[in-house]
Amino acid sequence: MGFNRKVKIAPSILSADFADFGREIRAIEAQGADWVHVDVMDGHFVPNLTFGPPAVAAFRKHVTTVMDVHLMIAPVDPYIDAYAQAGADILTAHVEAGPHIHRTLQAIRATGMKAGVALNPGTPAEAVAHVLDLTDLICVMTVNPGFGGQSFIDMTTKVRTLRAMIGDRPIHIEIDGGVTPQTAPLVVQAGADVLVAGSAVFKGGSVDDPAPYGVNMRAIRTAAEGILV
Ligand code: DX5
Ligand code: ZN
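Here goes a summary of the coordinates provided. Note that this is a predicted model, so its numbers are computed, not measured.

**Looking at the nonpolar core**
Of all hydrophobic cores here, the largest spans 66 residues; its most connected members are Ile13, Val38, Val56, Val69, Ile138 and Leu195. In this view, Leu195 contacts Val7, Lys8, Ile9, Ala10, Ile175, Val179, Ala184, Val187, Val188, Ile220 and Ala224; residues no more than four positions away in its chain are not counted.

**What about the pattern of salt bridges?**
Summed over all chains, the structure comprises seven salt bridges. Ionic pairing is found between Asp193 and Lys8, a salt bridge with its closest N-O pair at 3.0 Å. Taken as a pair, Asp193 in the loop between helix H6 (184-190) and strand E8 (194-197) and Lys8 in strand E1 (residues 8-11) lie far apart in primary sequence, 185 residues in all. The same class applies to Asp193 and to Lys8, which are both buried. Note that Asp136 is salt-bridged to Arg109, the shortest N-O span being 3.0 Å. Separated by 27 residues along the polypeptide, Asp136 in the loop between strand E5 (114-119) and strand E6 (137-141) and Arg109 in helix H4 (residues 101-110) bring together distant segments of the chain. Put simply, Asp20, Arg23 and Asp208 are held in one network by salt bridges that share partners.

**Digging into the packing of aromatic side chains**
Going through the model one piece at a time under the given rule, you end up with six aromatic pairs. Between Phe18 and Phe21, the ring centres sit 4.7 Å apart and the planes meet at 50°, which makes this aromatic pair tilted. Taken together, a centroid distance of 4.7 Å and an interplanar angle of 55° make the contact between Phe21 and Phe59 tilted. Placement of the pair is Phe21 in helix H1 (residues 21-30) and Phe59 in helix H2 (residues 53-60), with a sequence separation of 38 residues. Each member of the pair, Phe21 as well as Phe59, is classed as buried.

**Thoughts on the coordination of the zinc ion (ligand 2)**
Reference values for coordination geometry: four tetrahedral donors around a metal ideally subtend 109.5 degrees, six octahedral donors ideally subtend 90 or 180 degrees. For the zinc ion (ligand 2), the protein coordination sphere consists of His37 (NE2), Asp39 (OD), His70 (ND1) and Asp176 (OD), at 2.0 to 2.3 Å. Of note is the zinc ion (ligand 2), whose six donor atoms meet at the metal with angles of 66 to 167° in an arrangement that counts as octahedral. In terms of primary sequence, the donors binding the zinc ion (ligand 2) are separated according to H-x1-D-x30-H-x105-D. Here Asp176 lies in strand E7 (residues 172-176) and Asp39 lies in strand E2 (residues 36-41), a separation of 137 residues in the sequence. Each member of the pair, Asp39 together with Asp176, is buried.

**Concerning the site of ligand 1**
The immediate surroundings of ligand 1 are formed by 20 residues, with Asp39, Gly146, Asp176, Gly198 and Ser199 found nearest. The side chain of His70 places a nitrogen or oxygen atom 3.3 Å from an oxygen atom of ligand 1. When the free accessible area of ligand 1 is taken as 380 Å², the share hidden by the protein chains comes to 100%. Looking at the shell around ligand 1, the elements with two or more residues in it are E2, strand E3 (67-72) and E8. With three residues, E2 is the largest single contributor of residues to the shell around ligand 1.

**Description of unusual backbone geometry**
Cis geometry is adopted by the peptide bond preceding Pro75, which originates at Ala74 and carries an omega value of 0°. Within the secondary structure, Pro75 sits in the loop between E3 and helix H3 (80-85).

**Side note on the sheet that holds E2**
The strand order E1-E8-E7-E6-E5-E4-E3-E2 describes an open sheet built from eight strands, whose pairing is parallel. Pairing within the sheet leaves two strands with one partner each, and these edge strands are E1 and E2. Ignoring which end each strand starts from, the neighbouring axes of this sheet average 25° apart. When E1 meets E8, the two strands line up parallel, connected through four bridges. Within E8, the residue paired with Ala10 across the bridge is Val196. With respect to the sheet, H4 is in contact with strand E4 (90-94) and E5, its orientation differing from that of E5 by roughly 150°. Taken strand by strand, helix H8 (residues 211-226) contacts E1 and E8, and its axis lies near 145° from that of E1.

Conventions and cut-offs
Residues numbered from 1 in each chain as written. Chains lettered and ligands numbered in written order. Predicted model: local features only at pLDDT ≥ 70, side-chain atom pairs only at ≥ 80, totals over all residues. Heavy atoms only, no water. Core = buried A, V, L, I, M, F, W, Y, C linked by side-chain atoms within 4.5 Å. Buried < 20%, exposed > 50% of the residue type's maximum accessible area, 1.4 Å probe, protein only. Contact = heavy atoms within 4.5 Å. Salt bridge = Lys/Arg side-chain N within 4 Å of Asp/Glu carboxyl O. Helix = DSSP H or I, 4+ residues; strand = E, 2+ residues; numbered from the N terminus. Phe/Tyr/Trp six-rings, centres within 6.5 Å; stacked < 30°, edge-to-face > 60°. Donors = N, O, S within 2.8 Å, 3.2 Å for Na, K, Ca; no water. Tetrahedral: all angles 85-135°; square planar, octahedral: opposite > 155°, others 65-115°. Near = heavy atom within 4 Å. Polar contact = N/O pair within 3.5 Å; in protein donor to acceptor, adjacent residues only side chain to side chain. Areas by Shrake-Rupley, 256 points an atom, 1.4 Å probe, with all protein chains shown as cover. Pairing = 2+ DSSP bridges. Axes fitted to C-alpha atoms, helices over the stretch in contact; angles between N-to-C directions.

Next up, the structure:
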């Protein structure tokens, strides 16, 4: 997993058919996904519940790219080893999930996974200023986490601040929530390189008719890359 700042599309399987995750993952990868984004929710940190380590371990068998696991849970630390065992490549914890994000990022890296830190819309960029050297990815939430299909909240100022703070460190900036061909260029121009998208990727397609997934991903990528030329 070499580091680069090229635009990467990471479909969120929160918008997939929950009875057919294996085929859905294979379909989005065949249609051009760069990473697979897995949204873990606990019904406590966020008001919704998805899946836990055994399901994520089952997903792993189908992922050939990068399994990007976004934990919307609190606490995080008791579950880090379980997600390492499940095969996460990147494990992202929210800075709001507990008082010890520094310790959490150290613990994630100690397992060999890449460490991500996520910021809710109400949390300032400065919240991660002292953990940059423990971080491989900063996830900027552009919705309040918990549900797919919500409207984009403009966080471009925060993304610009983070991009400047990062300097030449090999840290990805990921955008999560409401990413579409309309919103993607705004965040890429501000410095983001990983675009999570659920509803905008899965709309109009299915495991039996996955071509729309590819059309949708190309629309986001083309719009986002358009501003880089
Ligand atoms: C929100 C999740 C997102 C979500 C994105 O809590 O973290 O990954 O699935 O969905 P869309 O792209 O539909 O906003
Ligand atoms: Zn997510």
